[in-house]
Amino acid sequence: MHLCSVGTHEYDVDIKKLLQRRLEQAGQPVALSGDNGLVRIELSGEGALEGWCTAVCALLLRDLAHFEMARMVNDLPLSLEEKRSVLPEAVRLSRAMLQGEEDAPSAAQADVTHMLMAYYAEEDHLNLEGFMRFRLKEVLRDWELCVMQATEELLLQAEYNELMHVLSAFMQLAPPQIKDVYVVLNPDGSCILTDDKDSRIEYDPCTGDNVLNALAGLSPERITVYDLSGGRSAQLAEALIRMFEHRVRVFK
């Protein structure tokens, strides 16, 4: 029989409850003792240590990832509202990194589980934040990349929104050059532009830039969009509404 424990002085979370859930997910619903900050378990039988380390790995890489990335986001020179947008996206990106093939664990999960088994082969107690900061530096670097990517996406979206606002104001001042333009967004990613004079332009693939540039040059009085893309071109349809506002009608 092997008595193991895990504890934290920093993470304000019920690790006993979380570990109990992770053990059940690993197929080992073992009763835990202790309180929120210090949890003990008696391991016996083949595979018990691996099941315990799998549960602790999930606690570290999934449950406690929120706390570490929240600390990283909090250090960024962003507004509170921006930080609230960045954090969930960073967590989503980190979860995507943990996706293995089918039901198999990812390489990161397998590596951390092996590290935990090696640790418990020599020690009985594990401090979560200590293990995280000193043994999982590569994981922390990956999370930093997730935070930076989420921040970059936020800033790019803000720049895009500002640009669309300027273009929309410009288009409201520009006098119409043509009465009606019809835009058909196809399921294969192509699109067709026609006007009330039977002129026709086909784009394959259809990108936001080529369509928006063409429509800005035509400056139509009305734009009718038939979105047959099944959501594939939803971003382009939204850009048309932002840029031309009341001139646009979208049918799906």
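Further up the page is the structure itself.
This write-up is about the structure you can find in this document. Everything quoted here is computed from the prediction, not taken from an experiment.

### Comments concerning unusual backbone geometry
In this structure, Pro205 follows Asp204 across a cis peptide bond, with omega equal to 5°. With respect to the secondary-structure elements, Pro205 resides in the loop between β7 (200-203) and α8 (208-218). In this structure, Glu245 is a non-glycine residue whose phi angle is positive, near 50°. Tracing the sequence through the fold places Glu245 in the loop between α9 (234-244) and β9 (248-251). When its relative accessible area of 41% is taken as the criterion, Glu245 is described as partly exposed.

### Description of the pairing of strand β5 (residues 178-185)
The pairing of β5 with strand β8 (residues 220-227) spans 7 bridges and is classified as parallel. Bridge assignment links Ile178 to a residue of β8, and that residue is Pro220. In terms of strand pairing, β5 meets strand β6 (residues 191-195) through 5 bridges, oriented antiparallel. Looking at the pairing, Tyr182 lines up with Thr194 of β6. The antiparallel pairing of β5 with β6 creates a hairpin that spans 5 residues between the two strands, and Gly189 there sits at a positive phi of about 95°.

What counts and how
- Residues numbered from 1 in each chain as written.
- Predicted model: local features only at pLDDT ≥ 70, side-chain atom pairs only at ≥ 80, totals over all residues.
- Heavy atoms only, no water.
- Helix = DSSP H or I, 4+ residues; strand = E, 2+ residues; numbered from the N terminus.
- Buried < 20%, exposed > 50% of the residue type's maximum accessible area, 1.4 Å probe, protein only.
- Pairing = 2+ DSSP bridges.

All we've got here are geometric facts, nothing functional implied.
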